[in-house]
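# Per-entry structural report
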Amino acid sequence: MRCRIASIPVKHSRDSKFVLWMTGLLMLMIGYATGVNAEDSLSPAQCIAEPGQALIKVEVDGIRTIEGNVRAQIYGDNPDDFLGKGKKLVRIDVAATDESQTVCVPLPAPGKYAVVIMHDKNANGKADFFTEGFGFSRNPSLGLSAPDYEDVVVDVPEGVTDLAIELKYMFGSDDKQKETRRRMKRR
């Protein structure tokens, strides 16, 4: 498998895939102090596009605990910008209120976009890989590396585009981890 880092082709091993995955997720959190805040987002009821406007209405499923924030980050049509530091076009944080919730994201214009969703369970603005969930547009399978841009890019026309994103947790929720440990001790 080959990937590009800083426009330099790099062949990576199994071990480096984990590092790339962690790096990609860390990139989600870089620049936490910039972006769109929850008060700038639209409620699901307000997710109605004006003529010429493009919105993404994301149905986020699989939120394991009703605490913290749900973060939506949008990247544009340049594959080199995907998950890059300071390259997101829009970021919205909203309170996690249900196991499934809708986030409405206004976009600069119709076009091609990649959507990244994170459940920031403890609302600390950092990606806690072992307890927090992540998801991408088009719901690609997640391994130990971030998905490729081509696997997550969606075409967003004028109007409202509905997306469904299922969060995936690296090791599951705290309750599931505790249950797994209990079962292991019984053996």
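Refer to the preceding data block for the structure.
These lines cover the structure that appears in this document, whether it is placed above or below. (Residues numbered from 1 in each chain as written. Predicted model: local features only at pLDDT ≥ 70, side-chain atom pairs only at ≥ 80, totals over all residues. Heavy atoms only, no water.)

### Concerning the overall build of the protein
Definition in use: Only DSSP runs of H or I covering at least 4 residues are called helices, and only runs of E covering at least 2 are called strands; the numbering of each starts at the N terminus. Relative accessibility under 20% of the residue-type maximum defines a buried residue, over 50% an exposed one, and the middle range a partly exposed one, all with a 1.4 Å probe and only protein chains included. Contacts are assigned to residue pairs with any non-hydrogen atoms lying within 4.5 Å of each other. Method for areas: the Shrake-Rupley scheme with a 1.4 Å probe, in which residue coverage is limited to the protein chains shown.
In terms of regular secondary structure, the protein is built from 3 helices and 11 strands. Reading the protein from its N terminus to its C terminus gives the helix and strand order β-β-α-β-β-β-β-β-β-α-β-β-β-α. Here the protein holds 187 residues, and 41% of them are scored as buried. Partitioning the contacts of the protein with sequence separation of at least 6, the portion at a separation of at least 24 is 73%. When the accessible surface of the protein is split by element, carbon and sulfur atoms take 52% of a total near 10,200 Å².

### Describing the state of the cysteines
Throughout this description, disulfide means a covalent bond between two cysteine sulfur atoms. Selection rule: The disulfide definition used here is simple: a pair of cysteine sulfur atoms within 2.5 Å.
For the coordinates displayed, the defined rule picks out 1 disulfide. Here cysteine 47 pairs with cysteine 104 through a disulfide, and the sulfurs are 2.1 Å apart. Because the torsion about its S-S bond is 75°, the bridge between cysteine 47 and cysteine 104 counts as right-handed. Residue cysteine 47 is found in the loop between helix H1 (14-29) and strand E3 (54-61), and its partner cysteine 104 is found in strand E6 (residues 100-106); the two are separated by 57 residues along the sequence.

### Focus on the packing of aromatic side chains
Under the convention used in this document: By convention, a stacked pair of Phe, Tyr or Trp rings (six-membered ring in the case of Trp) has centres within 6.5 Å and planes under 30 degrees apart, an edge-to-face pair has planes over 60 apart, and any other such pair is tilted.
Taken as a whole and judged by the stated rule, the model has 3 aromatic pairs. Aromatic side chains tyrosine 75 and phenylalanine 82 sit 5.7 Å apart centroid to centroid with 85° between the ring planes, which places their arrangement in the edge-to-face category. What makes phenylalanine 82 buried here is its relative accessible area of 11%. Clustering of aromatic rings is evident, with ring pairs tying together Tyr75, Phe82, Phe136 and Tyr149.

### Quick look at the sheet that holds E6
The test is simple: Two strands are said to pair when DSSP picks up at least two bridges between them. The axes used here are C-alpha line fits, helices contributing only the stretch in contact, and every angle between their N-to-C directions lies in the interval 0 to 180 degrees.
Strand order in the open sheet made by the 3 strands is E6-E3-E10, with mixed pairing throughout. What marks the edges here is a single partner per strand, and that holds for E6 and strand E10 (159-166). Each neighbouring strand pair of the sheet contributes to a mean axis angle of 20°, computed without reference to strand direction. As paired strands, E3 and E6 are joined by 7 bridges and run antiparallel to one another. Note on E6: the bridge partner recorded for aspartate 61 is serine 100.

### Notes on the environment of asparagine 69
Within the fold, asparagine 69 resides in strand E4 (residues 69-75). With residues near it in sequence (within four places) discarded, asparagine 69 still touches Val94, Ala95, Ala96, Met118, His119, Asp120 and Ala123.

### A short note on the nonpolar core
To be explicit about the condition: Here the nonpolar core consists of buried residues drawn from Ala, Val, Leu, Ile, Met, Phe, Trp, Tyr and Cys, with membership extended through side-chain atoms lying within 4.5 Å.
One finds Val60, Val70, Val103, Val105, Leu107, Val115 and Ile117 to be the most contacted residues of the largest nonpolar core, which totals 24 residues. Secondary structure elements with two or more residues in this core: E3, E4, strand E5 (90-95), E6, strand E7 (111-120), strand E9 (153-156) and E10. Looking at this core, the element that brings in the most residues is E3, giving 4 residues. Leave out the neighbours within four places in its chain, and valine 60 touches Val70, Glu99, Ser100, Gln101, Val103, Ile117, Ile165 and Leu167. Membership of the second largest hydrophobic core comes to 10 residues, among which are Tyr75, Leu83, Phe136 and Tyr149.

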